[in-house]
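For reference, the chains in residue letters:
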Amino acid sequence: MLGNDYAQARKQYVEEVRRSFHHVQPDEYEEELQAGTASFFKVRLLIAVCIFAAFVLCDRTGSRFYNYTTKEVVSMLKQERFQSQLDAIREAWNSLSE
């Protein structure tokens, strides 16, 4: 038990010395995490803008994408054909984030 007491005393001494400097070191990992989140959001936003621009271009030129016209795509979105898949993704995301 003598070693355990020494370790506790040493830990307390180190904490006291740190407090004596009154300098709080910023957590570098938090900054990296926030930067990564912001850059990931920017990439997602860029992809969304590109998809929207491609949709508008197809709509203006009358082009087809994978043999679908823009009117067919809009009607599929209105039908909510993918609602069950979206609900499954939301449930999985909620279970992961908890």
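Residues numbered from 1 in each chain as written. Predicted model: local features only at pLDDT ≥ 70, side-chain atom pairs only at ≥ 80, totals over all residues. Heavy atoms only, no water.

(A) Quick look at the pattern of salt bridges. In the structure shown here, the tally under the stated rule is 1 salt bridge. A salt bridge links arginine 90 to aspartate 87, with the nearest nitrogen and oxygen atoms 3.3 Å apart. Of the two residues, arginine 90 and aspartate 87 are both situated in helix α4 (residues 83-97); the distance of 3 residues between them amounts to about one turn of the helix. Arginine 90 gets classed as partly exposed once you look at its relative accessible area, which sits at 48%. (Salt bridge = Lys/Arg side-chain N within 4 Å of Asp/Glu carboxyl O. Helix = DSSP H or I, 4+ residues; strand = E, 2+ residues; numbered from the N terminus. Buried < 20%, exposed > 50% of the residue type's maximum accessible area, 1.4 Å probe, protein only.)

(B) Highlighting a nonpolar patch on the surface. A contiguous nonpolar surface patch, about 380 Å² in accessible area, is contributed by Tyr13, Val14, Val17 and Phe21. As for its placement among the helices and strands, tyrosine 13 is situated in helix α1 (residues 2-20). (Patch = residues over 30% accessible without salt bridge, like charges linked within 9 Å, V, L, I, M, F, W, Y side chains within 5 Å. Areas by Shrake-Rupley, 256 points an atom, 1.4 Å probe, with all protein chains shown as cover.)

(C) Main features of unusual backbone geometry. Even without a glycine there, the phi angle at asparagine 67 is positive, about 60°. Within the element layout of this structure, asparagine 67 appears in the loop between α2 (28-61) and α3 (70-79).

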